[in-house]
Amino acid sequence: MTDSRVDDQAAIQAVLAQSYKAWEAGDADGMVADYAEDATAIMPGSLRDSREVIRKSMALGFEGPLKGSSTYNRQLSIRFVGRDGAIVISESAILFAGETEVPDEPRRVNATWVFEKRDGRWLIAAYHNSPVLTPAS
């Protein structure tokens, strides 16, 4: 019997796609709909330690500097950790209102998404990003 994770991969990618779509709509509630209640998000200089804190932060961003923005996202890998855990690595960037091309560093980030399957549903348990740096020559 083959242990295929195709359905799990598709479910995780659907969670990410929905989050990206909500970002583009400026919808903080929709963006965190698939975050675990105890989710964490770490970005340079900040720790957001619950879904509600993440939602509030995004709502403020969508009312201010992130208004009209969207994101570029490219999944680099996905690996499963046991039956109910997964780690997704991606490259991402914010496209601010009016931008049509992916910006170069320092706005590109490498991101780690930690997923946990709870009650048959994949949720984002943790997110972390770090700027993409060009290797020194």
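Residues numbered from 1 in each chain as written. Predicted model: local features only at pLDDT ≥ 70, side-chain atom pairs only at ≥ 80, totals over all residues. Heavy atoms only, no water.

Novice: Give me the lowdown on the overall build of the protein chain, citing residues and values where you can.
Specialist: Regarding its fold elements, the protein chain presents three helices and six strands. A compact globule built from 137 residues would reach a C-alpha radius of gyration of about 14 Å, and the protein chain, at 15 Å, matches this within 12%. Principal-axis analysis of the C-alpha atoms places the extent of the protein chain at approximately 50 × 40 × 25 Å. Every one of the 137 residues in the protein chain was classed for burial, and the buried ones make up 37%. (Helix = DSSP H or I, 4+ residues; strand = E, 2+ residues; numbered from the N terminus. Rg over C-alpha atoms; globule rule 2.2 N^0.38 Å. Buried < 20%, exposed > 50% of the residue type's maximum accessible area, 1.4 Å probe, protein only.)

Novice: Talk me through the packing of aromatic side chains; I want residue IDs and the actual numbers.
Specialist: Taken as a whole, this structure holds four aromatic pairs when the rule is applied. For the pair Trp 23 and Phe 62, a centre-to-centre distance of 5.5 Å together with 80 degrees between the ring planes defines the contact as edge-to-face. Of this pair, Trp 23 sits in helix α1 (residues 6-24) while Phe 62 is found in helix α3 (residues 51-63), placing the two residues 39 residues apart along the sequence. The structure contains a cluster of three or more aromatic residues connected by ring pairs, namely Tyr 20, Trp 113 and Tyr 127. Sitting above the plane of the Phe 80 ring, Arg 5 keeps its charged end 3.9 Å from the centroid. (Phe/Tyr/Trp six-rings, centres within 6.5 Å; stacked < 30°, edge-to-face > 60°. Lys NZ or Arg CZ within 6 Å of the ring centre and 35° of its normal.)

Novice: Quick one: what's the story with the pairing of strand β3 (residues 70-81), residue by residue and with numbers?
Specialist: Pairing of β3 with strand β4 (residues 85-95) involves eleven bridges; the strand directions are antiparallel. Bridge assignment links Phe 80 to a residue of β4, and that residue is Ala 86. In sequence, β3 turns back onto β4 through a hairpin of three residues, with Gly 82 there showing a positive phi of about 70 degrees. (Pairing = 2+ DSSP bridges.)

Novice: Describe the sheet that holds strand β5 (residues 109-118), listing the residues and the values that go with them.
Specialist: Reading across from one edge, β2-β1-β6-β5-β4-β3 is the order of the six strands in this open sheet, with mixed pairing throughout. A strand with exactly one partner marks an edge of an open sheet, and here the two such strands are β2 (46-48) and β3. Pairwise comparison of adjacent strand axes, ignoring direction, gives a mean angle of 15 degrees for this sheet. Across eight bridges, the pairing between β4 and β5 is antiparallel. Paired with Ser 90 across the strands is Ala 111, a residue of β5. Taken strand by strand, α1 contacts β1 (35-43), β3, β4, β5 and β6 (121-131), and its axis lies near 160 degrees from that of β3. (Axes fitted to C-alpha atoms, helices over the stretch in contact; angles between N-to-C directions. Contact = heavy atoms within 4.5 Å.)

Novice: Quick rundown of unusual backbone geometry? Include the residues and the values.
Specialist: Glycine aside, the phi torsion of most residues is negative, and most peptide linkages are trans. With phi around 50 degrees, Asp 119 is a residue other than glycine that occupies positive phi space. Take Asp 119: it is sitting in the loop between β5 and β6. Taking the relative accessible area as the measure of exposure, Asp 119 reaches 84% and is therefore exposed.

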